[in-house]
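Analysis of the macromolecular model
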Amino acid sequence: MSYVASGLFLALSAALAIILITQPVGNETQFLLAMTVIVAMVATWRFRMDQTARQIFLALGLLIVCRYVYWRTTATLPPISMPIDFAAGLLLYGAEMFCVVMLFISLFIVADPLRRPPARRLSDAELPTVDVFVPTYNEDSELLATTLAAAKALDYPADKLTVYLLDDGGTDQKCASSDPMVSAAARRRRMELSAMCRDLDVVYLTRAQNQHAKAGNLNAGLQHATGELVAVFDADHAPVREFLRETVGHFRDDPRCFLVQTPHFFLNPDPVEKNLSTWSRMPSENEMFYSVVQRGLDKWNGAFFCGSAAVLRRAALDEAGGFSGVSITEDCETALELHAKGWNSRYVDKPLIAGLQPETFVSFIGQRSRWCRGMIQIFMLKNPILRPGLSLPQRLSYMSSNLFWLFPLPRLIFMIAPLLYIFFDLKLYVANIPEFVAYTLTYLAVSVMLQNYLYGQVRWPWVSELYEYVQSFFLAKAILSVVMNPRKPTFNVTAKGLTMEKDHLSELALPYFAMFGILCAGMAMAAYRYATEPVLNELLIVVGGWNLFNLVIASTALGVVSERRERRKSQRLVIERKGIVSLGAMSLPVLIEDASIGGVRVRPLDPALQLPRGVGQLANLTIEGGAPGLPVDTIPVILRRTTHDAKGASIGLEFFRLQPIQYRVVADLMYGSGVALERFRDGRRSGSGVLTGTFQFVRWSLREVVRGFRMAYADRAQRRLAEMPADAAPALPSAPDPVTAAQRL
């Protein structure tokens, strides 16, 4: 009987909703309804934060969205008697409806994100055996040594933990290459990494051929490993000591759990954060996915493998035939296969690894192109909608993750659409000013409120639009290439740890300057038509405002492609550890304030003590309070600088010719506890309101457009000087720009 009652209630609710959505009303009534709903949403947001209030807020917002969709579908399309206008209008309508569908799916996923309790702590006797895989291709030995040392330092019984370095840069295929340079480099790499692994008590593995990229490398590791669980860390993803203690308990709680995924946390800014100077104060771009979306997916048993910072059950991998490698995003594909076989996944929302993200705009676009192509491949080759074994929520979860990467298509359509009216008088959107205000503006306001309500702590207003815009030009091409040949894309390793000696314009900057120029021309044309065609004034105001919004985004993007220099190869993590700097007969107790794989900054505990003078002196740094079992606690350093600030004097120390075993000390300094990562993450979670965020974004656009053109002018002048004959040009700096070669990848 309860099922009948529930069914009747849902039917009545649906009928009432349809009546409210389709009720024909005048513009004034619609505007009054929308404003009443917006006020109710604000009141709900401000005064109630429980789950019931959350559902009420979302329901109110969806009412306005649905009324807009109904009006947009029935009243705004150009007449079919105007075929060009109708075709262009239908394209814009399709882009909007795609975004609405994605909004509904995302709201389903994140309406009630799961806050999973910590895993129960297992005794040493209960702990399963774990194999740690660190796949590598071309990363340098210093970075690998730190990651491997952190993996060896995991808080786990030594007899139940085996660490493997899976080296795809020293395969038999590369060592036997017909190119003598490639062959020599591969042999040298194999010898160097083998010796490093022996010193760190790590198993070095390579394979015969470089087949199936990362998935093939991981599967080659499975042929040698025997542990119950497999932990995977990218070469630049170093785990904190408690990583396994925080994750393996979930496998004991659920015998069908195949995956425990943790967030990817980064020590360095991506190009958007670096070039806009927002790194230390704005939430990271991936926070929205890892802190909200993955938790929402976890509620529906849809959290998926992200390629690193995860633990997987060996038995599940064996059942699936190992890591899947049909697409170039083997992580999500593997999770799809195992979810379809009835296995479960869990997500732990706690930063337990620290990694690196691309420093240059070129490598950033290369990484995102690979993700985009891989996700579209999965949708085309292993469509989750049709995949047997998945629940309906899981189908929606994977469909959301796959189809999200089509965003470049509607984003570019939204950029171009107002220009079609301004330049060619194509009427894509049939509406007058009162209708636009009553339906469109209120719908846009509600959409922004929904986004800020759900993601406000981890994403500032309009930042998503900026990230989508700067990726769209090149990802649209990636989408087209996959559609034309779904099996063609190949795996490319993303360059990390690059340095830049000077500010410069990205080699990919031209499309952004071109689009900026077109949008400026559109504003000028709109102003001209407004002055000379008074009959069109109302519509021109609407379209001109739309074009102005696009121009603000395009202006900010000029700053994104204007690369700021980055001389620091090793990113620092703020910590608090005590130590002693020994220089000759001097012993200086210090507080270690930050650390990287290249050095530390220390501050004397007694300001009255005399500091060492002169740079370049060799000293030793002894770390206090290290993890139990550390083979050494002292490492050689060089004094590089002495500085003074409001807290007093501090000393910059650079590590000097570290032996592999000494990287255990570096790993203990940086990754001895996840508290430092949580502190840094939480310190950046500063929510920004809609109005505050909008003003901030406008300020960025005004500042960055000036900086972008200044840099373009400086680059052009530099090129002109370089092209002048040697006897006519002034002397140029002889030092090469190290970023150029990396950006051409």
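Residues numbered from 1 in each chain as written. Predicted model: local features only at pLDDT ≥ 70, side-chain atom pairs only at ≥ 80, totals over all residues. Heavy atoms only, no water.

Digging into the sheet that holds strand S12 (residues 573–583)
Across a sheet, strands are paired by hydrogen bonds formed along the backbone, either parallel or antiparallel in direction. Definition in use: If DSSP finds at least two bridges between two strands, the strands pair. Elements are defined by DSSP. Helices are runs of H or I of four residues or more, strands are runs of E of two residues or more, and each kind is numbered from the N terminus. To obtain an axis, a line is fitted to C-alpha atoms, over the contacting stretch when the element is a helix, and the angle between two such axes runs from 0 to 180 degrees between their N-to-C directions. Whether two residues touch is decided by their heavy atoms; if any such pair falls within 4.5 Å, the residues are in contact.
Pairing is antiparallel in the closed barrel, where six strands are placed in the order S12-S13-S14-S17-S16-S15. Between one strand axis and the next, the sheet turns through 45° on average, direction left out of account. Summarising the sheet, S12 and strand S15 (residues 618–623) pair through four bridges and their orientation is antiparallel. Following the sheet pairing, Gly579 is matched in S15 by Ile623. In the packing of helix H22 (residues 663–671) onto the sheet, contacts are made with S12, strand S13 (586–595), strand S14 (599–604), S15, strand S16 (634–645) and strand S17 (648–655), and the angle to S12 comes to roughly 140°.

Some points on helix H5 (residues 141–152)
The following threshold applies: Multiplying 1.5 Å by the residue count of a helix minus one yields the expected span of that helix. For every residue, the accessible area obtained with a 1.4 Å probe (protein chains only) is divided by the maximum for its type, and the residue is called buried under 20%, exposed over 50%, and partly exposed between those limits. Identification of polar contacts relies on pairs of N or O atoms within 3.5 Å, with a donor-acceptor requirement for protein atoms, meaning one able to donate a hydrogen and the other able to accept it, and with residues adjacent in sequence counted only if both atoms are side-chain atoms.
Between its first and last C-alpha atoms H5 spans 16 Å; for 12 residues at 1.5 Å apiece the expected length is 16 Å, and the two agree. Where burial is concerned, most of H5 is hidden: 10 out of the 12 residues are buried. Within the sequence span of H5, burial applies to Leu143, Leu144, Ala145, Thr146, Thr147, Leu148, Ala149, Ala150, Ala151 and Lys152. On the buried face of H5, the contacting elements are strand S1 (130–136), strand S2 (161–167), helix H7 (180–200), strand S5 (238–239) and H22. The N-cap residue of H5 is Asp140: its side-chain oxygen and the backbone nitrogen of Glu142 are 3.2 Å apart.

Looking at the pairing of strand S4 (residues 229–232)
Here S4 shows no split at all, with Leu229 and Ala231 on one side and Val230 and Val232 on the other all buried. Direction of pairing for S1 relative to S4: parallel, over a ladder of four bridges. By the bridge assignment, Val132 is partnered in S4 with Ala231. With four bridges connecting them, S4 and strand S7 (residues 310–313) associate as antiparallel partners. Across the sheet, residue Ala231 finds its bridge partner in S7, namely Val311.

Here we look at the nonpolar core
The cut-off we apply is this: The set of buried Ala, Val, Leu, Ile, Met, Phe, Trp, Tyr and Cys residues whose side-chain atoms join them within 4.5 Å is what this entry labels a nonpolar core.
Val65, Phe133, Phe304, Phe305, Phe323 and Tyr455 are the most contacted members of the largest nonpolar core, which has 90 residues in total. Within the second largest apolar cluster, 76 residues are counted, among which are Leu154, Met196, Tyr204 and Leu573.

Describing H22
Of all nine residues making up H22, nine are buried, and the element is well covered by its neighbours. Of all the residues in H22, the buried ones are Tyr663, Arg664, Val665, Val666, Ala667, Asp668, Leu669, Met670 and Tyr671.

So, the side chain of His237
Mapped onto the fold, His237 is located in the loop between S4 and S5. Side-chain polar atoms of His237 contact the side chain of Ser308, separated by 2.7 Å. Once residues within four sequence positions are removed from consideration, His237 is found in contact with Thr147, His264, Phe266, Ser308, Ile353, Ala354, Gly355 and Leu356.

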